[in-house]
Structures are given as C-alpha cells and as structure tokens.
Amino acid sequence: MKDITIKTVYGIDYYYYEETELIDGKPTVVRKKRLGAVEDLAAKIKVPAMLSRKEELFSEEFEFGAVALMYDLAKKLNLVDIIDRHATNVRTGPSVGSYMVAVAIYLAVAPSSSGDPQEWFEKTCLPLMTGIGGFRFSLQNFWAKASKIDRDTLRATLLGRVPVDSIWSIDEDILSRVKDIYDIDVSNVICCPTNSFAYVGGRDDGKLTAPGGHMPQEKKPHVETFYIEVSTDYCIPITHNGDPGATNYAEELALHVDSRQRYCKPIVGKTNTVLLVLDRENFCGDDDIRVLVSGNALKNIPAAEKDIYHYLGLLRKSQAESLWAVPKGEYVPLIGDRFTGLSAYRMEVEFFGQRLTGLIFNDPGLKERQIEEIKINVEKAKAKLQDLEEALTRRAKGGDAEGTEPTVESVGECVENILKDEYVKDILKCDIFEKNKNVLLKYSTSEQSLELISRDILGKTALYTNRHDYSNEEIVAAYLTARHVGQEFARMADTKRLKPRQKFRWTDKRIKLHIFTCVLAYRLRALLIKDLATQGIDIGIDQLISEMSEVKAVETVYGGKERPEVVATLTGGSELAQRLVELYRLREKYLGHTL
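One structure accompanies this document, and this report is about it. As the structure is a prediction and not an experimental result, all values here were calculated from the model.

### Things to note about the overall build of the protein
For the protein, the count of helices and strands is 21 helices and 21 strands. A buried classification covers 50% of the 595 residues belonging to the protein. Of the contacts formed within the protein by residues at least 6 apart in sequence, a portion of 68% connects residues at least 24 apart. Accessible surface, the protein: about 29200 Å² in total, of which carbon and sulfur atoms supply 48%.

### Some points on the pattern of salt bridges
Applying the stated criterion to the full structure yields 18 salt bridges. Between aspartate 233 and lysine 530 there is a salt bridge, and its shortest N-O distance comes to 3.7 Å. Taken together, the residues span a long stretch of sequence, with aspartate 233 in the loop between β10 (221-231) and β11 (237-242) and lysine 530 in helix α18 (residues 508-534) at a distance of 297 residues. According to the relative accessible area criterion, lysine 530 is buried, its value standing at 9%. Between glutamate 405 and arginine 395 there is a salt bridge, with the nearest N and O atoms lying 3.3 Å from each other. Here glutamate 405 is found in the loop between α13 (364-396) and α14 (408-418), whereas its partner arginine 395 is found in helix α13, with 10 residues between them in sequence. Arginine 395 sits in the buried class, given a relative accessible area of 16%. Connected via shared salt-bridge partners are Glu348, Glu350 and Arg355.

### Points about the nonpolar core
By size, the foremost hydrophobic cluster in this structure holds 151 residues, and its most contacted members are Phe64, Ile105 and Leu544. For this core, the leading source of residues is α18, giving 15 residues. Contacts of isoleucine 105, omitting those with residues within four sequence positions, involve Val67, Met70, Tyr71, Ala110, Trp120, Leu126 and Leu524.

### Side note on helix α19 (residues 541-548)
Those residues of α19 that fall on the buried side of the exposure criterion are Ile541, Leu544, Ile545, Glu547 and Met548. Relative to the axis of α19, the buried residues are bounded by an arc of 165 degrees and lie together on one face.

### Examining the packing of aromatic side chains
Evaluated as defined, the whole model comprises six aromatic pairs. Here the aromatic rings of tyrosine 106 and tryptophan 120 are separated by 5.2 Å at their centres, their planes lie at 55 degrees, and the arrangement is tilted. One end of the pair, tyrosine 106, is in helix α5 (residues 96-109); the other, tryptophan 120, is in helix α6 (residues 117-122), with 14 residues separating them in the sequence. With a relative accessible area of 1%, tyrosine 106 lands in the buried category. With a centroid separation of 5.4 Å and 50 degrees between ring planes, the pair formed by phenylalanine 489 and tyrosine 522 is classed as tilted. Of this pair, phenylalanine 489 sits in helix α17 (residues 472-492) while tyrosine 522 sits in helix α18, placing them 33 residues apart in sequence.

### So, the pairing of strand β13 (residues 309-314)
Across the six residues that make up β13, a large majority, six, are buried. Alternating residues of β13 divide into Tyr309, Tyr311 and Gly313 and His310, Leu312 and Leu314, and every residue in both groups is buried. The pairing of strand β12 (residues 273-277) with β13 spans four bridges and is classified as parallel. Note on β13: the bridge partner recorded for leucine 275 is histidine 310.

### Here's the deal with the state of the cysteines
A full pass over the atoms with the stated rule returns zero disulfides. Left unpaired, cysteine 191 is separated from the closest cysteine sulfur, that of cysteine 192, by 6.6 Å. When its relative accessible area of 1% is taken as the criterion, cysteine 191 is described as buried.

### Structural notes on the environment of cysteine 518
Here cysteine 518 shows up in helix α18. Linking cysteine 518 and tyrosine 106, residues 412 residues apart in sequence, is a C-alpha distance of 10.0 Å.

### Description of the layout of surface pockets
In this structure, the second largest pocket spans a volume of roughly 570 Å³. As for the second largest pocket, its lining consists of 22 residues, and the residues nearest its centre are Tyr234, Cys235, His484, Ile529 and Gly540. Counting only elements with at least two residues in the lining of the second largest pocket, the list comes to α17, α18 and α19. Residue composition of the lining of the second largest pocket, by class: 10 nonpolar, five polar and seven charged.

### Observations regarding helix α20 (residues 575-583)
If you check which residues of α20 are buried, you get Leu576, Ala577, Leu580 and Val581. Burial along α20 is one-sided: seen end-on, the buried residues are contained in an arc of 140 degrees. Taken from the residues just after α20, arginine 585 is the one with a positive phi, measuring 55 degrees.

### What to know about the packing of α13 against α14
Two elements in contact, α13 and α14, have axes whose closest approach is 10 Å; the angle formed by their N-to-C orientations is 160 degrees. The angle between α13 and α14 falls in the class roughly antiparallel. When the axes of α13 and α14 are compared, the crossing they make is right-handed. Residues Ala381, Lys384, Leu385, Leu388 and Leu392 of α13 touch α14, and the partners they reach there are Val411, Cys414, Val415 and Ile418. Its residues assigned to classes, the contact of α13 with α14 comprises eight nonpolar, no polar and one charged.

### Quick notes on the environment of leucine 312
On the secondary structure map, leucine 312 appears in strand β13. For leucine 312, a relative accessible area of 0% gives the class buried. For the pair leucine 312 and isoleucine 190, spaced 122 residues apart in sequence, the C-alpha to C-alpha distance is 10.0 Å. Residues in contact with leucine 312, not counting those within four places in the same chain, are Leu275, Leu276, Val277, Leu278, Leu463, Tyr464, Thr465, Ile475, Ala478 and Tyr479.

### Quick notes on unusual backbone geometry
Positive phi values are uncommon outside glycine, yet tyrosine 234 reaches one of about 65 degrees. Taking relative accessible area as the criterion, tyrosine 234 reaches 40% and is therefore assigned partly exposed. Of note in the backbone geometry, tyrosine 423 takes a positive phi value of approximately 75 degrees without being a glycine. Residue classification places tyrosine 423 among the buried positions, given a relative accessible area of 19%.

Thresholds, definitions, all that
Residues numbered from 1 in each chain as written. Predicted model: local features only at pLDDT ≥ 70, side-chain atom pairs only at ≥ 80, totals over all residues. Heavy atoms only, no water. Helix = DSSP H or I, 4+ residues; strand = E, 2+ residues; numbered from the N terminus. Buried < 20%, exposed > 50% of the residue type's maximum accessible area, 1.4 Å probe, protein only. Contact = heavy atoms within 4.5 Å. Areas by Shrake-Rupley, 256 points an atom, 1.4 Å probe, with all protein chains shown as cover. Salt bridge = Lys/Arg side-chain N within 4 Å of Asp/Glu carboxyl O. Core = buried A, V, L, I, M, F, W, Y, C linked by side-chain atoms within 4.5 Å. Arc of directions from axis to C-beta. Phe/Tyr/Trp six-rings, centres within 6.5 Å; stacked < 30°, edge-to-face > 60°. Pairing = 2+ DSSP bridges. Disulfide = S-S within 2.5 Å. 1 Å grid on protein atoms, 1.4 Å probe; cavity = no way out; pocket = protein on both sides within 12 Å on 5 of 7 lines; lining within 4 Å. Points joined across faces, edges and corners; volume = space filled by probe spheres on them. Nonpolar A, V, L, I, M, F, W, Y, C, P; charged D, E, K, R; others polar. Axes fitted to C-alpha atoms, helices over the stretch in contact; angles between N-to-C directions. Parallel < 35°, antiparallel > 145°, perpendicular 65-115°, else oblique. Left-handed = near helix turned anticlockwise from the far one by under 90°.

Spatial relationships are all this shows, so hold off on functional conclusions.
As structure tokens, this is what we get:
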C-alpha cells in the first residue's frame, strides 16, 4: 500500500511518502520518504496541482544492478530460509536470515566502503526486495537479529548427535545447496588462515574478560586468526572455522584441524587433500613454523588421515640464501594465462630439519608495484629527516632551546622509527654526529642500493611446500589463491564495518557471526563469477560490480495525496550490464511498475 501522509514534527507539518507491506500478517512500513514541509512545497508548486494524478511529486534514484544481481543469487541459493531454519523464531519484523543476507550483500557489493551501512542500504533497492525498511536497518538491529542464532543446537551428523554450533549447520546446508546447483570440485581444497580480525580485549580461560561488556582501555588489540577452505576453482568457500580462545598460532592451527575432523568432514565428504597455505603475517614466530613442519599441529589426527594434510608457506631471504641467489636468467616461464610474464626456479631446500620443495618465482608486475611503494616511502622518510635535520641545526645555532636536550641515542631512535618501512633504511644513509657539543644529522640517498634491491630482491617470492608432486604452476596458483582470499577478507572483515554499539565489546559469539557474514559475502562474490563463467562471461568480480553499479533504478511518484502512483525505470549501463539485466531477468523480477 502506498500513501502520502502529513505528520507534525516539532510543530511543523511535513509530507511523508510511505509504502506498507504485510509482514507476518501485520502491516509494516518498508519505505518512508520525507517530501518536505507543507509550506515549503506549497511555495514551490501549487497545492491543487500537487493533488493532480498527472503531477510529478518527486523522483529518486537507487542502486539496482549490482545489488539485484547479488540478491538474485541469494534467492537462488535459498539463503534466507536456510539461516532461518537454524535461528530462534522471530515474532515480528524481518527474519534473522533476511537481515544477515542483506548485510552480506552490503559487504559483497561495497567491500571497501567506509560509510554508514544504513545510509548505503537506504540508497539501494534492497528495502523493497528484503522487506526491511531502510530507516529500520541499523547495526544495532543486525546484531540483535544475529544473536538469535542458537549456538548450541543439537544436530544429527555422520558422527552422531553431538553439540554443534549452528554456524556449522548453516554452512553444511548452504554447501549442500551449492553442490546441488554447481559442479564444485572438493577433492583438493586450499585452507587459508587470515588474521584480518583484531579487537581490544583480554581473555580468561578462552572467554572475554571485564563484566558488563565494557571495553577496558588498558587492554591491547587481540588478533583473531580464522581459517577458510576454498575450492581450487574460483576460490569458492567450502567451510570456515574461527576458534576464539587460542593464545598462539600453533594452538589455533591445532584447534582448526581438530574442529575440521569433527565437523568439516561431514560437510565436504571425502576430501583427498587439504593444502594449508600460510603467509608471513600469520606467523607468531619461527616456533609456530617448527610446530607445523614437525607435524605436532596434527598430533591428534589418526595416522592414516595425516597424509591428506599438506602445507605451503613463504621463505624469507635469510632462510633460503641459495634459492634467492639463483639469477633470474635461470628461471623457467610458467605456463597458462594466469601466469603471463611469471617465471620460476625450483630446488630442494632444508627447512627446520625437513627436506622440502623450494620454489622462487618472479613477477614483473609485483616488482613495479614494490618499486612505486618504496619510492613513496622514501619520499615520506626524506621529508621527516629534512624536518629533523633542520630542527637540530636551529637548536645548534641557539634558535630553539626548548624541550629535552637531544643525544646521539635519542636522535638515533627517532631516525630508526623514520626508516622503519622495508628497504628504506638501505636507500637512505644517515650520519648522526656531535659537533661543538651539539647533535647534528646528515642524510643522503643511495640510488645504487635501490638498483641492487630491484635486481636481486624485488618481484621475487620464495615458497616451501611438502607437496613434492605439485608442478610449479600448481604451487604458485595455490599461493596466489590464498593471497587473493586474504586481500578479500582484509577489505570485508574490518571490524569498523559491523561494529556493535560503543558501550558493548566484541564477544566470541559476535566474532563468529561477523566472520560468518563475511564468508557468506565472499561466497556470493565467488559463486557469481563461476555462474557467469558457465554463461561464457569471463570477468573479475570488482569490474563486474563496477559495471553493474551503473544500472540505477529511478522511481518517480505521480498523483495526489489519496492514490499516488509509482513508475520505475532503469538507467542505461555498459553493454555487459544491459546483457546481464536481460539474462537474469532482473527488471521483471525486482522492478515493479515498469514502463
């Protein structure tokens, strides 16, 4: 039902345009638009004309193409019903599944957005598609809805009736639905740990401390590692696991492997191999790597099943000097469209007492990006050194005697902090000295050092693995897949995006729900690319969203107060965007009152 009403706010009469729908048998306002004060509108147009059915009252533009495409995929997967089956019943308002899918679409379509989710939501067609009124969509309501997912549901699994977190059950049902629709190879999966999640808090026996949920200011940020397993084709999430409460990387890995044995195997069925790909940022230190390489992280796994677990990680230059010393001229080009311009060299390396396959590959594109980043960091450091040099010179001349008397040690610490970025210390040479009891600084730029770094180090990535049977291309592909997953979650899993209200803090349950929602968003992005590939369309997800976002829905309201009429049209877009609108019938499904 559509209506124009007059409401008084602080003594001023305003016109409101409202759309109401029956949700759970009760009329609910799903869209509300304030048209303006009665007097202001009367000054702009004559009231009698406004009441004419032919008069245009207002026109508004909404995001349509990208959100409609994501929402269509979510409906195809039946995500709302799957989530609602595992959630506590909600008597009024949109369901838990509706809220979580709406937030997942927000993360999938705008993964780098730093704005308010409610403001973004109101500017899209999602309020009409989901039944969630834009003015009702907020992070407070999201967490209120999400908390209704029961964490201790008892489900029958292949292991018998055991207490299972409902998130595992939801993942199981979603994966079952995905496998019914798409042909996904789960015989080889890549397990990617990521530590994108960080929050303030301390722990006591695996649970967050501080009564009342208040955030103690003295606590340091805690980094939460979680694991996501993806298919080798299109990086489609198979399952994921986060274990709040682990105190170090080795413990987190052991918890994941243990959880996977109990819960993941029934989800993925018989999995031949799991390749755990590790990045340098996920290491707490060499002790964690030693635990992995020695096999202690898998000590609770039956001996017959340990062979399915393999690992791949990064080698620092100091850990494999012989591999890094190989000239680039001896590298062999990698084969395949994905590896254009890449070349690699392979040899056996000894790492923590184990004989492993070592591979170093060169990426000219990575080298260019690294050089650009180094130059930017060098210029920033030079500006800071210039300021420091001038400040010390002024003080030596008696022009600035305030503050603590500088010493060689204190200036050295300041310089060390300025040169902290990678390779900057090798390029900028600093000389700190005393003259006439004054501390002075001189610095210079070594172009030769940059050339040597560019020739011998930049563009190279060294890897180790116990998958000796993997080809060079398979090793590099696994690493690139994990890096892609990490970059995706670095954008989506930012805690500022779905932050609870300020007076509350992150809890174990909220962390799991946050990660689950991010995985759900990533699954939509990956499946959409696979779905398009089956249609013969090869395109990256960011380019796809960019082109589809150009397709807007324009709604124009005509008529008078009693029976306003809404006419919806679509703006143009690229040739691909228009093709997808027709291919998925988005106009017919989600755009009412079409001309």
